[in-house]
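# Observations on the model geometry
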Amino acid sequence: MARITLENVRKEYGDVVAVRGIDLEVPDGSFVVVVGPSGCGKSTTLRLVAGLESVTDGDVRKDGESLVGVEPKDRDVAMVFQNYALYPHMTAERNMTFGAGSATDFDDAEIERRVADAAELLDIADLLDRKPEALSGGERQRVALGRAIIRDPDVFLMDEPLSNLDAKLRIRMRAELAKLHEELRTTTVYVTHDQTEAMTLGDEVVVMNDGRIQQVDSPQRLYDYPANRFVAEFIGDPAMNALEVAVESGADGARAAHPGFRLPLPDGDGLDAAVDSRAVLGVRPEDLSLAGADTDADAAIEATVTVTEPLGDSLLLECRVGDDRLKTQASPRSDVRSGDTVALTPDPDRLHLFDVEAGTALYHSAEGATAPDDGRTTRSPPATSEE
Ligand SMILES: Nc1ncnc2c1ncn2[C@@H]1O[C@H](COP(=O)(O)OP(=O)(O)O)[C@@H](O)[C@H]1O
Ligand SMILES: [Mg+2]
């Protein structure tokens, strides 16, 4: 087991800057998920920890000792890849043991014992004689995990290990990975582009974009208190709505003014500073509800429905408000039709304001009411910080 520290890590490939100076602490025994869109630098970050690439600048440390210049085989980390990377001509067992002798100081008997243990843990004991072509995708990925496990490394590095599996199997393997970590408690860095996977797997989730860390937080805090617009719109599906508004103050408090509405904004940290300027109002589709006839029109958004999408458990509505678009969810059998005018009332405790240019969060209405303090610290550099 080990603690991994990334300090101002930067990686350039010629003109391409893949990683723009990131700081990250992966505590001993933790399961940290790194999530972000394709091309944001996730794989590069893992490869830098594994030693498959060398840093352009900054430091990667294990238990405080710099790994810069240390060969991959001497780092005691095991990587699991999306494409399994199994040798087609070798049996599952051989795939697991190949190279293990030189990568570890285990003798043959020890390796044999470890294969048996890993096979039982992964439920592949009956498959050890098969070659990859005779294994399903899920079984291949178990063999690839087995290969990592028998080495008993200090750190597991997993690069989208479930992405090649179908949706059902992915959900099952997700649960199994979580269980595996409960048992082994090996420090794990897990990379995915799938925000749902990140939210369900991570104790702590690192959101990356464009080579930078955007926010490191628990899944719930990422959802409730996104540090900037990127996180707000990346986490959650359908994505958070974002509408530019003028933040005005009046006798009855602050309001978010838009050609289509003037919503009251509950008092909260950051609100006073935002008054008399423009900001982007963020509100999640699931935090808007279709108002009844008796609604206070003053606290509602009047919108025209443009598209309705039945999802089974809800009816997704795409609406127009002035020149902006807005999504919301109605009850599945509601009789709303495209072309209808609807009044939408937002949950007043679930409103967000973001800086128009930098995208940084200025205000979350929930914070005024219930100061969140679950002992965690939000570590989020400003979205605009340059390296
Ligand atoms: N070997 C390489 N040579 C040149 N550019 C690379 C190389 N590897 C990655 N990149 C570039 O670095 C950026 C980050 O890539 P990567 O870390 O693979 O992203 P992710 O895993 O998040 O999809 C991308 O723009 C990618 O094209
Ligand atoms: Mg990748």
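Reading guide: rules and limits
Residues numbered from 1 in each chain as written. Chains lettered and ligands numbered in written order. Predicted model: local features only at pLDDT ≥ 70, side-chain atom pairs only at ≥ 80, totals over all residues. Heavy atoms only, no water. Pairing = 2+ DSSP bridges. Helix = DSSP H or I, 4+ residues; strand = E, 2+ residues; numbered from the N terminus. Axes fitted to C-alpha atoms, helices over the stretch in contact; angles between N-to-C directions. Domains from an automatic or database assignment. Expected span 1.5 Å × (residues − 1). Contact = heavy atoms within 4.5 Å. Polar contact = N/O pair within 3.5 Å; in protein donor to acceptor, adjacent residues only side chain to side chain. Near = heavy atom within 4 Å. Nonpolar A, V, L, I, M, F, W, Y, C, P; charged D, E, K, R; others polar.

Pairing within the open sheet is antiparallel, and its five strands lie in the order β15-β19-β16-β17-β18. Each edge of the sheet is formed by a strand with only one pairing partner; in this case those strands are β15 (288-290) and β18 (324-330). Across this sheet, the average inter-strand angle for adjacent strands is 45 degrees, counted without regard to direction. Judged from the seven bridges that link them, strand β17 (residues 315-321) and β18 form a sheet pairing that is antiparallel. The residue bridging Leu 315 from the neighbouring strand is Ala 330, located in β18.

Attention now goes to the domain arrangement of the protein. Under the domain assignment used here, the protein contains domain 1 (4-224) and domain 2 (239-369). Domain 1 and domain 2 are separated by 40 Å when their C-alpha centres are compared.

In this section: helix α6 (residues 167-184). Helix length check: α6, at 18 residues, gives a terminal C-alpha distance of 26 Å against a target of 26 Å (1.5 Å per residue), a fit within 8%. For α6, the elements touching its buried residues are β3 (31-35), α4 (108-122), α5 (137-150), β7 (155-159), β8 (187-192) and α7 (195-201). Just downstream of α6, Arg 185 is the residue with a positive phi angle, here 55 degrees.

With that settled, the discussion passes to the side chain of Arg 10. With respect to the helices and strands, Arg 10 occurs in strand β1 (residues 4-13). In terms of polar contacts, Arg 10 uses its side chain to reach the side chain of Glu 12, at 2.8 Å.

Quick look at the site of ligand 1 now. Inspection of the region around ligand 1 gives Tyr 13, Val 16, Ala 18, Pro 37, Ser 38, Gly 39, Cys 40, Gly 41, Lys 42, Ser 43 and Thr 44 as its neighbouring residues. Within the backbone of Gly 41, one N or O atom sits 3.0 Å away from an oxygen atom of ligand 1. Separating an oxygen atom of ligand 1 from a side-chain N or O atom of Ser 43 is a distance of 2.8 Å. Per-element accounting of the shell around ligand 1 gives the leading share, three residues, to helix α1 (residues 42-50). Its residues assigned to classes, the shell around ligand 1 shows five nonpolar, five polar and one charged.

Here six strands make up an open sheet; going across it, the order is β6-β7-β8-β3-β9-β10 and the pairing mixed. A strand with exactly one partner marks an edge of an open sheet, and here the two such strands are β6 (77-81) and β10 (212-217). Ignoring strand direction, the axes of neighbouring strands in this sheet form an average angle of 20 degrees. One ladder, built from five bridges, connects β3 with β8; its direction is parallel. Bridge assignment links Phe 31 to a residue of β8, and that residue is Thr 188. Strands β6 and β7 of the sheet are contacted by α5, whose axis makes an angle of about 175 degrees with β6.

Looking now at the pairing of strand β21 (residues 361-364). Two strands pair when backbone bridges link them, and strand β20 (residues 351-354) and β21 are joined in this way by three bridges, in the antiparallel orientation. For Leu 353, the partnering residue across the bridge sits in β21 and is Tyr 363.

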